[in-house]
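# Observations on the three-dimensional arrangement
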Amino acid sequence: MKEKDYLFGKTLEDLERITEQYGQKKFVAKQISDWLYKKDATSIMEMSNISKSFREVLNKEFFFGITPYVQVLTSKDGTKKYLFQYSEDTFVEAVCIFDKERVTLCISTQAGCKMNCDFCATGKQGFKRNLSTNEILNIFRSVEEYRQIKNIVYMGMGEPLDNFFEVKRSLEILCKEYGYGFSPKRITVSTAGYLPFLEQFLEQTNVDIAISLHNPIPMERERIMPIEKVYSIEKVIKVLRRFDWTKQRHLTFEYIVFEGLNDQDKHINSLLKLLNGLKCRINLIPFNTIPNSIYKGVEREKMILFQQKLNKKGFLTTIRASKGEDIMAACGLLSTKKLERK
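Residues numbered from 1 in each chain as written. Predicted model: local features only at pLDDT ≥ 70, side-chain atom pairs only at ≥ 80, totals over all residues. Heavy atoms only, no water.

Let's shift gears to the overall build of the protein chain. When helices and strands are tallied, the protein chain shows 13 helices and 14 strands. A compact globule built from 342 residues should have a C-alpha radius of gyration of about 20 Å, and the protein chain, at 21 Å, falls within 12% of that. Dimensions of the protein chain along its principal axes, counting C-alpha atoms only, are 70 × 45 × 40 Å. Long-range contacts, defined as pairs at least 24 residues apart, comprise 67% of the intrachain contacts of the protein chain with a sequence gap of at least 6. Of the roughly 16400 Å² of accessible surface on the protein chain, a fraction of 49% belongs to carbon and sulfur atoms. (Helix = DSSP H or I, 4+ residues; strand = E, 2+ residues; numbered from the N terminus. Rg over C-alpha atoms; globule rule 2.2 N^0.38 Å. Contact = heavy atoms within 4.5 Å. Areas by Shrake-Rupley, 256 points an atom, 1.4 Å probe, with all protein chains shown as cover.)

What follows is the structure in structure tokens.
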């Protein structure tokens, strides 16, 4: 028996193929996309401007495709962590961060992660599978703050460029007029520097990008980020230099500051050499300790001093506020390993 597919998460082109397959006019695809992404419908039979007979066909062949979250935890600072279950043993987490009037949603793209970064709980969890476009967008659509979200960051569980095609489709639906109409300036995709799809991503999307750097010295970076062995940061920078970062798009380097590991003057000098002439921002991130970690974060005063030194070298440097640590929702803490074991 054929397994039913989901309508939610289909691009307009997908919907046009479906309507053509069933002998419908092309404009019906746009009507369906309006119900999916603009009118907050939750069932196919709600699509009242589509003929009842075609709705019945769609209802037979497709699920609408909205999956509610199964748990939400709220931090003392207001941050909320949502848990979604997509199959018997596939769990993913997402985080809503509140900053005055701005609500930022941190989206996951994989259940687990292959990158195995030594400081990240998701990497220590291992890899389960890629999320589909439906599952990625469902996170956005299903959180309680759905209509209040101002910014979206693909910085949750997983390496987005290791799931390039589904991520790209989700970005299309988020940004296109037929979808949610988000400005690309309000979306950032983070990558550890996954080279196989980096150039395609930069050519085929126009959202902002953040590179997880964490150490500019290759041998030292390799110890904490195994991806360096295969796709070196120097090769990543070489690709980035082919693109114009002086216009609409922004480039950020994420840099978790570890005590004694990447916070010395030699690292500042290496950053200067590596990023020389590249228009970018360095975002310093406090280290949120994961279980059994050998690493230690720096005190706030040392973080500020490191920022000041980088600023004097000409870098635009910011410090990210750490939120949600008490509910394991801060940077590097997302993990569903215990749930998968159950």
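This part takes up the packing of aromatic side chains. Within this structure, the stated rule accounts for 18 aromatic pairs. Each ring, one from Tyr22 and one from Phe54, has its centre 6.1 Å from the other, and the planes form 50°; the classification is tilted. With Tyr22 in the loop between α1 (12-21) and α2 (27-37) and Phe54 in helix α3 (residues 52-61), this pair connects stretches of sequence that are 32 residues apart. Taking relative accessible area as the criterion, Tyr22 reaches 28% and is therefore assigned partly exposed. Owing to a relative accessible area of 3%, Phe54 belongs among the buried residues under this scheme. An aromatic cluster is present here, built from Phe8, Tyr37, Phe140, Tyr146, Tyr180 and Phe182 joined pairwise through their rings. The cationic tip of Lys39 hangs over the ring face of Trp35; the distance from NZ or CZ to the ring centre is 4.2 Å. The positively charged end of Lys114 is found above the aromatic ring belonging to Phe127, 4.8 Å away from the centroid. (Phe/Tyr/Trp six-rings, centres within 6.5 Å; stacked < 30°, edge-to-face > 60°. Buried < 20%, exposed > 50% of the residue type's maximum accessible area, 1.4 Å probe, protein only. Lys NZ or Arg CZ within 6 Å of the ring centre and 35° of its normal.)

Under the criterion given, the structure shown has 21 salt bridges. If you follow the salt bridges from partner to partner, you end up with Glu13, Asp14, Arg17 and Arg169 in one network. (Salt bridge = Lys/Arg side-chain N within 4 Å of Asp/Glu carboxyl O.)

At their nearest, the axes of helix α7 (residues 195-204) and helix α10 (residues 233-240) sit 10 Å apart, and the two run at 15° to each other. By the angle class used here, α7 and α10 are roughly parallel. The chirality of how α7 crosses α10 is right-handed. Of α10, the residues touching α7 (which contributes Leu195, Leu198, Glu199 and Leu202) are Lys235, Val236, Val239 and Leu240. Its residues assigned to classes, the contact of α7 with α10 shows six nonpolar, no polar and two charged. (Axes fitted to C-alpha atoms, helices over the stretch in contact; angles between N-to-C directions. Parallel < 35°, antiparallel > 145°, perpendicular 65-115°, else oblique. Left-handed = near helix turned anticlockwise from the far one by under 90°. Nonpolar A, V, L, I, M, F, W, Y, C, P; charged D, E, K, R; others polar.)

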